[in-house]
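Per-entry structural report
Below are the chains, spelled out letter by letter.
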Amino acid sequence: MNRLGPRLLLRLRLLFVIAALAATFPVAFAQNVKTYGFISASDAPPLGFENLAGPQTTQLDVYYGGRLQVTTMARYELDTIEFLNPAEVVMAIPNVADRLMVEEALTGPLQANADRICRYPGQADCGVLEPPIAGVIFDETRFRLDLFVAPFALKAQTVHTSKFLPAPTADFSSLHMVSMSLSGGDGFEQNGYNFGATSLIAKRADRLSARYDFSDDGFSVTELSWQRDMPGWQYEVGSFRSPGRSIAFLGERDIIGARVGTSLDTRADLDTAEATPIYLFLNQRSRVDIRRDGQLLDSRFYDAGNQQLDTTRLPDGAYDIEVQVHDGSDQDSQQRYFFVRSARLPPLDQPLSFLEIGSLAQTGDRAVPEPGFNLWLRTGIAKRFVANFGVETELVQNAGTTLLQGGVFLFGRGWQLEAGLLGSSRSDRGYSVRGTVRRGETAVGLDLRRVRAASDADVADVFDPVPQSYTQGSFTLSLPLLEGRFIARAQLDQRGTDGSNTALGVSYSRSLLRRAGLMVDLNIDATRDPTDSMLRIGIRGYWRRDQTTVSVKPHIAARLSDNSNSGNSSTKLLLDARATRNNLETDFGEIDSSVFTASDIDTRTIGVGASSESTFGYGNVDLQHTNGLDSDRLSYTANARFSVISDNKKMAWGGQRSDLSAVVLDFSGDADTNFAVLVDQQPAGLVQSDKRNVIGLRPYRTYEITLVPRGETFVDFDQRVRSVTLYPGNVATLQYEANAVTVVVGQIVDRSRLPVANARIDGIAGYAGTDENGWFQIEIAGAQPLTIRRADQEPCRVELPLLEAERGIAVVNTLVCQPIPE
């Protein structure tokens with residue numbers, strides 16, 4: 001339906017009223033004079049104008065949240081307006097919780113609230129309405145209606161549309177993370193080596209997991225189990241390690257049995273779920289800024305309605321934030337919230353619980369763990385009651401011994417506290433306190449744990465939850481001082497009946513110079529431990545240019561006292577230095593080579609090293625010579641890691657980074673070039689188009705994969721974003737076809753040497769054509785004939801000559817378009 005513009009329609013109506021009044025005024029005036037001898041005032045419309053003061057029906061625009069939602073018919077009078085089809089209006093409003101309730105509120109005559117129209121910039125108390133359920137502000141001059149809905153009548157719009165990750169689609173696959181290490185040298189009693197691997201054989205969310213190694217101590221298997229993930233749950237059966245909890249006094253144990261528990265691994269919204277949820281009601285699309293102490297932490301736009309703020313960019317901790325809403329008017333608002341983010345506690349909507357049943361694994365000199373003779377039972381639960389308070393508790397039963405441990409977590413503005421207790425049927429007792437306080441740039445930390453064991457003697461084949469009494473603790477203070485930073489540390493450690501070991505240390509660092517590629521820092525530290533007391537004062541210079549990095553640290557080291565009473569105290573001027581060169585090679589990826597020297601009062605070391613990170617894997621070699629008071633030795637270390645994977649069709653090996661899941665990039669086509677792989681818009685390595693490339697990625701994530709060509713030739717390939725969801729052991733293969741293309745530039749003329757203008761070129765991928773002078777630019781793979789289609793003539797054909805490309809671009813002479821033979 002075509003409508004006159006609102007302003008034009010209003011003007012026509014006003015002109016019509018004025019003209020009618022002007023035409024009838026003499027008659028009305030004469031009637032009054034004749035009847036009464038004077039003119040009388042009345043609220044009633046003049047004779048014949050009753051319809052103009054009555055209800056008017058028109059089409060109007062309905063806005064919600066500052067955005068046009070629907071155009072509908074309505075009937076209005078001076079102070080009220082009524083929708084002819086309220087259901088149509090309600091259907092256009094997003095995120096309505098109860099549509100029937102809102103539709104009922106918008107049915108019948110509604111107050112127009114014309115006094116709430118904003119008529120000039122900066123006007124207060126306008127443009128906003130807080131109705132019991134729903135209400136409107138109608139501007140008759142613009143035929144615009146702004147609709148408002150109460151917050152309780154709208155659904156809360158969360159940051160994530162899905163609570164859990166999608167189910168993985170990878171079929172049968174296997175992944176083996178292999179690591180090798182070697183060490184030795186002069187003066188060592190035994191040179192060592194180790195060959196280890198983690199193997200996963202998976203199909204979608206099910207997998208068989210094994211960990212094993214072969215070393216100079218022999219062959220051993222540390223894990224062999226079947227695992228399965230379901231949304232919010234995880235199952236495991238076999239030989240596996242029972243994990244220690246964050247507040248637990250009982251460490252990790254190897255068991256043979258079964259485990260079932262709730263899990264956060266498959267949560268897609270974990271970054272938001274671990275934080276205080278913050279909701280805002282917005283009348284219109286607005287920009288929302290989040291600040292802490294004036295510093296901008298996040299800024300983004302949100303649509304109208306009940307919106308949950310995206311807090312994934314906010315740092316961990318407990319602190320106040322200021323939320324500023326900018327809706328485009330002069331009525332910006334600001335609110336303060338207490339915000340908490342912590343992974344120490346589960347989300348508010350999902351307590352974590354588990355149950356393990358089986359027996360402790362007997363290892364010792366066994367190659368494969370064997371079950372013990374006593375029942376192992378372990379169960380626990382962790383729950384967050386409010387954003388800044390939670391409780392964790394755990395029960396362990398084995399060999400007639402019962403152990404109970406647990407604790408509480410508290411968070412406040414700039415502080416957090418964790419406290420735990422331990423008790424057992426063997427009279428083992430213990431407590432722990434861990435906390436931090438931060439005020440501005442000053443921070444204080446305390447970590448204290450004290451355990452009293454029922455017996456300090458180890459008893460074979462008997463479960464002893466606490467084999468030894470111990471006390472350990474640390475204290476840290478960090479604060480700004482003289483344009484630098486001062487840090488003080490204290491550490492206490494006492495085991496069994498041995499005496500306590502106390503270590504103290506203070507350090508101070510300050511930046512002296514910051515320029516492009518050059519940094520100079522002052523460093524002072526003093527330490528005291530059971531062996532000696534040391535003071536070091538030095539200046540560290542750091543310089544970087546192109547691919548070379550050099551660091552030099554001259555310092556004075558002084559032994560203030562020798563607590564071993566050997567009388568060996570001295571002061572020396574020492575030098576630490578390192579130079580590193582970074583090279584990016586096509587075949588071996590990123591190669592770092594370095595030479596270094598390091599000194600202490602009693603020793604001096606020089607060495608060289610090299611590392612490579614490429615599509616083949618990672619490897620490093622270090623060789624160093626140490627000269628000390630009692631020794632002069634040469635030592636070496638070598639390490640390598642890579643992955644061997646299969647997707648049930650082909651195998652591949654390599655990977656710059658090894659992880660428990662991977663994607664394989666498999667190329668076809670004739671291109672011979674490199675591609676940069678972007679994972680969630682972040683660089684993840686270089687791959688080659690002439691091989692199967694492995695990219696190791698963390699499991700329990702959905703990734704977006706894109707490729708960017710890095711060679712000097714032009715390449716035609718699929719540039720779409722690929723999305724994959726990976727669970728442990730999953731291998732997702734992405735197929736790409738990459739063909740080298742040549743950019744051809746030239747001019748096409750007909751047999752009369754006139755330009756073939758504005759013609760379409762067929763025989764290539766995509767669309768191309770000539771301009772008004774017959775010039776063209778196309779991308780082709782080869783030198784196939786081109787068909788030229790002209791609007792008013794028969795098509796003709798162009799034969800391309802042998803192309804001589806330079807850096808993928810070939811310029812050809814004028815080409816004559818010949819008729820196509822019949």
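Residues numbered from 1 in each chain as written. Predicted model: local features only at pLDDT ≥ 70, side-chain atom pairs only at ≥ 80, totals over all residues. Heavy atoms only, no water.

Description of the overall build of the chain
Inclusion rule: Secondary structure elements follow DSSP: runs of H or I no shorter than four residues count as helices, runs of E no shorter than two count as strands, and numbering proceeds from the N terminus. For the exposure calls, accessible area comes from a 1.4 Å probe over protein chains only, and a residue counts as buried if that area is under 20% of its type's maximum, exposed if over 50%, partly exposed in between. Values of accessible area rely on a 1.4 Å probe in the Shrake-Rupley scheme; residue burial ignores everything except the protein chains shown.
When its secondary structure is counted, the chain shows four helices and 55 strands. In the chain, which comprises 822 residues, the share counted as buried stands at 38%. Element-wise, carbon and sulfur atoms account for 53% of the exposed surface of the chain, whose accessible area totals about 45300 Å².

What to know about the packing of aromatic side chains
Our working definition: We call Phe, Tyr and Trp rings a pair once their centres come within 6.5 Å, taking the six-membered ring for Trp, and we label the pair stacked below 30 degrees between planes, edge-to-face above 60, and tilted otherwise. Look at NZ for Lys and CZ for Arg. If either is within 6 Å of the ring centre and within 35 degrees of the ring normal, a charge sits over the ring.
The tally for this structure, following the rule as stated, stands at ten aromatic pairs. Ring geometry for Y700 against Y727: centres 5.6 Å apart, planes inclined by 55 degrees, an arrangement best described as tilted. Here the residue Y700 occupies a position in the loop between strand 43 (693-697) and strand 44 (701-709), and Y727 occupies one in the loop between strand 46 (722-726) and strand 47 (731-737), the gap between them amounting to 27 residues. Of the two residues, Y700 and Y727, both sit in the buried class. Joined through ring pairs, the aromatic side chains of F667, F675, F717 and Y736 make up one cluster. When the ring centre of F164 is taken as origin, the NZ or CZ atom of R267, which lies over that ring, is 5.9 Å away. Over the ring of F249 we find R449, and its NZ or CZ is 4.8 Å from the ring centre.

Thoughts on a negative patch on the surface
As a reminder of what qualifies: Only residues above 30% relative accessible area that lack a salt bridge enter a patch, with like-charged residues linked at up to 9 Å and the nonpolar side chains Val, Leu, Ile, Met, Phe, Trp and Tyr linked at up to 5 Å. In the sections that follow, a salt bridge refers to a side-chain nitrogen of Lys or Arg positioned within 4 Å of a carboxyl oxygen of Asp or Glu. Charge convention: Lys and Arg are scored as positive, Asp and Glu as negative, and His as well as the terminal groups of each chain are ignored. For charged residues, the charge sits on one atom: NZ in Lys, CZ in Arg, CG in Asp, CD in Glu.
The grouping of D670, D716, E737 and E779 at the surface amounts to a negative patch. Along the polypeptide, E779 turns up in strand 50 (residues 775-780). By relative accessible area, which is 47% here, E779 ends up partly exposed.

Describing the nonpolar core
Filter applied, for reference: Throughout, nonpolar core names a set of buried Ala, Val, Leu, Ile, Met, Phe, Trp, Tyr and Cys residues whose side chains join them through atoms within 4.5 Å. Contacts are assigned to residue pairs that have any heavy atoms within 4.5 Å of one another.
In terms of nonpolar packing, the biggest core is built from 27 residues, with I81, F83, L106 and L145 touching the most fellow members. When contributions to this core are tallied by element, the ones reaching two or more residues are strand 1 (56-64), strand 2 (67-76), strand 3 (80-83), helix 2 (86-92), strand 5 (134-139) and strand 6 (144-149). Ignoring any residue separated from it by four or fewer positions in sequence, one finds L145 in contact with L60, D61, V62, Y63, I81, F83, V136, I137 and F138.

Section: the confidence of the model for the chain
Here is the rule: The quantity known as pLDDT measures the predictor's confidence residue by residue, on a range of 0 to 100.
This prediction gives the chain a mean pLDDT of 84; 88% of its residues lie at or above 70. The low-confidence segment residues 1-42 (pLDDT under 50) makes 30 contacts with residues lying over four places distant or belonging to another chain. Confidence over residues 456-461 falls short of pLDDT 50; this stretch has eight contacts with residues more than four positions distant or in other chains.

Topic: the state of the cysteines
What counts here: A pair of cysteine sulfur atoms is labelled a disulfide when the two atoms are within 2.5 Å.
All chains considered together, the criterion is met by two disulfides. The side chain of C118 participates in a disulfide bridge whose partner is C126; the two sulfur atoms lie 2.1 Å from each other. For the disulfide bridge between C118 and C126, the dihedral angle about the S-S bond is near 100 degrees, and by the sign convention the bridge is right-handed. What makes C126 buried here is its relative accessible area of 3%. Here C796 is linked by a disulfide to C817, with a sulfur-sulfur distance of 1.8 Å. On the S-S bond that ties C796 to C817, the torsion sits near 100 degrees, and the link is right-handed. Residue C796 is located in strand 52 (residues 796-798), and its partner C817 is located in the loop between strand 54 (815-816) and strand 55 (818-819); the two are separated by 21 residues in the primary sequence. Here the cysteine-cysteine linkages of the chain are recorded as 1-2, 3-4, numbering only bonded cysteines and doing so in sequence order.

Overview of unusual backbone geometry
Backbone phi values are negative for most residues with the exception of glycine, while trans is the configuration of most peptide bonds. For N95, which is not a glycine, the phi torsion comes out positive at approximately 60 degrees. Within the element layout of this structure, N95 appears in the loop between helix 2 and helix 3 (99-105). For N95, a relative accessible area of 27% puts it in the partly exposed group.

Focus: the sheet that holds strand 46
Strands in a sheet are paired, the pairing made by backbone hydrogen bonds, and the direction either parallel or antiparallel. The test is simple: Pairing between strands is defined by DSSP: at least two bridges between the two strands are required. Lines are fitted to the C-alpha atoms to define the axes, a helix being fitted only along its stretch in contact, and any angle between axes, read from their N-to-C directions, falls within 0 to 180 degrees.
An order of 42-41-44-46 is seen for the four strands of this open sheet, with the pairing classed as antiparallel. Sheet topology places strand 42 (682-688) and strand 46 at the edges, where each strand pairs with a single neighbour. Strand-to-strand, the axes of this sheet are offset by a mean angle of 30 degrees, without reference to chain direction. In this structure, strand 44 lies alongside strand 46, joined through five bridges in antiparallel fashion. Along strand 46, the bridge assignment pairs E704 with S723.

Some points on the side chain of Q747
For clarity, the cut-off: We define a polar contact as two N or O atoms separated by no more than 3.5 Å, with the added condition that, inside protein, one atom must be a possible hydrogen donor and the other a possible acceptor, whereas residues neighbouring each other in sequence contribute only through side-chain atom pairs.
Residue position: Q747 is located in strand 48 (residues 739-749). For Q747, the side chain forms a polar contact with the main-chain oxygen of N773, separated by 2.8 Å. Apart from residues no more than four positions distant in its own chain, Q747 is found in contact with P755, N773, G774, W775, F776, N813, T814 and L815.

Section: the pairing of strand 38 (residues 632-646)
Note: strand 8 (residues 173-185) against strand 38, twelve bridges, orientation antiparallel. Bridging across to strand 38, G184 finds its partner in Y636. By the bridge criterion, ten bridges tie strand 37 (residues 617-627) to strand 38 in an arrangement that is antiparallel. Residue pairing across strands places Y618 opposite R641, the latter belonging to strand 38.

Details of the pattern of salt bridges
Where side chains of opposite charge bring their charged atoms close, a pairing between them can arise. All chains considered together, the criterion is met by 40 salt bridges. Between E223 and R211 there is a salt bridge, and its shortest N-O distance comes to 3.6 Å. Taken together, the residues E223 in strand 11 (residues 218-230) and R211 in strand 10 (residues 206-215) connect sequence positions twelve residues apart. Of the residues examined, E223 reaches a relative accessible area of 10% and is grouped as buried.

Topic: a nonpolar patch on the surface
A surface patch of nonpolar side chains, about 940 Å² in accessible area, is lined by M180, L182, Y193, F195, F214, F219, V595, V608, L623, L634 and Y636. Those elements that provide at least two residues to the nonpolar patch are strand 8, strand 9 (192-203) and strand 38. Here F214 lies in strand 10.

Notes on the sheet that holds strand 15 (residues 286-292)
Spatially, four strands are ordered 16-15-18-19 in an open sheet, and the strand pairing comes out antiparallel. Every other strand in the sheet has two partners, leaving strand 16 (295-302) and strand 19 (333-341) as the edge strands with one partner each. Within the sheet, the average angular offset between the axes of one strand and its neighbour, ignoring direction, is 25 degrees. Pairing between strand 18 (residues 317-326) and strand 19: nine bridges, direction antiparallel. Across the sheet, residue I321 finds its bridge partner in strand 19, namely Y337.

A look at the pairing of strand 16
Sheet analysis places strand 15 next to strand 16, joined by seven bridges and oriented antiparallel. Residue pairing for strand 16: R291 is matched across the bridge by L296. In this antiparallel pair of consecutive strands, strand 15 and strand 16, the connection spans two residues, and D293 shows a positive phi of 50 degrees.

Focus: the environment of G400
Examined against the element boundaries, G400 turns out to sit in the loop between strand 23 (389-398) and strand 24 (401-412). Residue G400 is classed as exposed on the basis of its relative accessible area of 63%. C-alpha of G400 to C-alpha of F463: the two residues are 63 residues apart in sequence and 8.4 Å apart in space.

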